[in-house]
Amino acid sequence: VELLRTLLSRTLGLGGDKPEPVLDELSLQGVSRFLKSDRCKNVVCMVGAGISTSAGIPDFRSPGTGLYSNLQSYNLPYPEAIFEIGFFKKHPEPFFALARELYPGQFKPTVCHYFMRLLQDKGLLLRCYTQNIDTLERVAGLDPELLVEAHGTFFTSHCLRPSCRQHYGLAWMRERIFSSLVPKCEKCQGLVKPGELQGSGAQQEFGWGSSPPTPSCTSHPPRHCVFWREPPLTLLCPPGVGSLCLCRDVAWLGDCDSGCLALAELLGWKEELEELVQREHAAIDAKGEDRDRGDPQKRRG
């Protein structure tokens, strides 16, 4: 009932007074003016695979290039099985083979990641909800306290046995993934997995459906959620994400990095953003050279 009331109110102007407009113009220019105003106190980012594709990490569903189009070698019953907890418990090898290709440390954060870092540095970022497990938000310098990693992260792993649940860190998991060993718990020899796999596992372990709950512009907020601030402003960047929200104030129909650069330019942040990306990428390259000096076979990404 609450969802229907809100939907009718927002789309047809029924059931209540119209909320005060957030933007003076429904455009990227209007968004930039709002962000620069004293009215803008908190920004929430909700991101997924699209922000990491320019780093070289494939998304899931793009025909020909997405992960689901290139998993034939793993002999899966269907592509999505590689991320389902039930299949993982019986056949963990395909997931860890894929993990070797996508493991953190092989990729650099994108312009979009560093735009969120700028929002944080300027005191505007309230929270970043991410479906990604590539840890690039952390690499870009986002405060873990501001991150909600909805599908978990390679940064932490745990034993699947309910009686154990022993936690392991990034270095421990990395050593086992690149030694081609299926990670087993040192306490009980149970299977250890990074992140939180989707599908039935999420439902069994956390009471979710096919994926963790993502804030919606029209659903009633749970008591613990900090996303809702009235009136909300929704900005969508990449094509194909219209199903996320039932209301859209502004849509940027282009790739995420270009959208962030365009918005940064309107905000007067473009030069600062480009310098941040260049400086941080140079630091990542320097760390990689120090780690792999003398062994070019170890250089990745």
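Fair warning: this is a prediction, and the values are worked out from it, not measured in the lab.

## Section: the UniProt feature "binding site: Zn(2+)" (unreviewed entry) in the chain
- According to UniProt, the feature "binding site: Zn(2+)" (unreviewed entry) maps to Cys159, Cys164, Cys185 and Cys188 in the numbering used here. These residues run over 30 residues, yet every pair of their C-alpha atoms falls within 8.9 Å of each other.
- Positionally, Cys159 belongs in strand 4 (residues 156-159).
- Residues within four places of Cys159 in sequence aside, it is in contact with Cys164, Arg165, Gln166, Cys185, Cys188, Gly190, Leu191 and Val192.
- Within the element layout of this structure, Cys188 appears in the loop between helix 7 (170-177) and strand 6 (192-194).
- Every residue in contact with Cys188, bar those within four places of it in the chain, is listed here: Cys159, Arg161 and Cys164.

## What about the sheet that holds strand 3 (residues 147-149)?
- Overall, parallel pairing links the three strands, which are arranged 1-2-3 in an open sheet. Looking at which strands have only one partner, the edges of the open sheet turn out to be strand 1 (43-47) and strand 3. Mean inter-strand twist for the sheet, computed between neighbouring axes without regard to direction, equals 10 degrees.
- Of the strand pairs in this sheet, strand 1 and strand 2 (residues 125-130) are connected by five bridges, and their pairing is parallel. Bridge pairing in strand 2 links Met46 to Tyr129.

What counts as what
- Residues numbered from 1 in each chain as written.
- Predicted model: local features only at pLDDT ≥ 70, side-chain atom pairs only at ≥ 80, totals over all residues.
- Heavy atoms only, no water.
- UniProt positions renumbered as here; feature names shortened; annotations may be inferred.
- Helix = DSSP H or I, 4+ residues; strand = E, 2+ residues; numbered from the N terminus.
- Contact = heavy atoms within 4.5 Å.
- Pairing = 2+ DSSP bridges.
- Axes fitted to C-alpha atoms, helices over the stretch in contact; angles between N-to-C directions.

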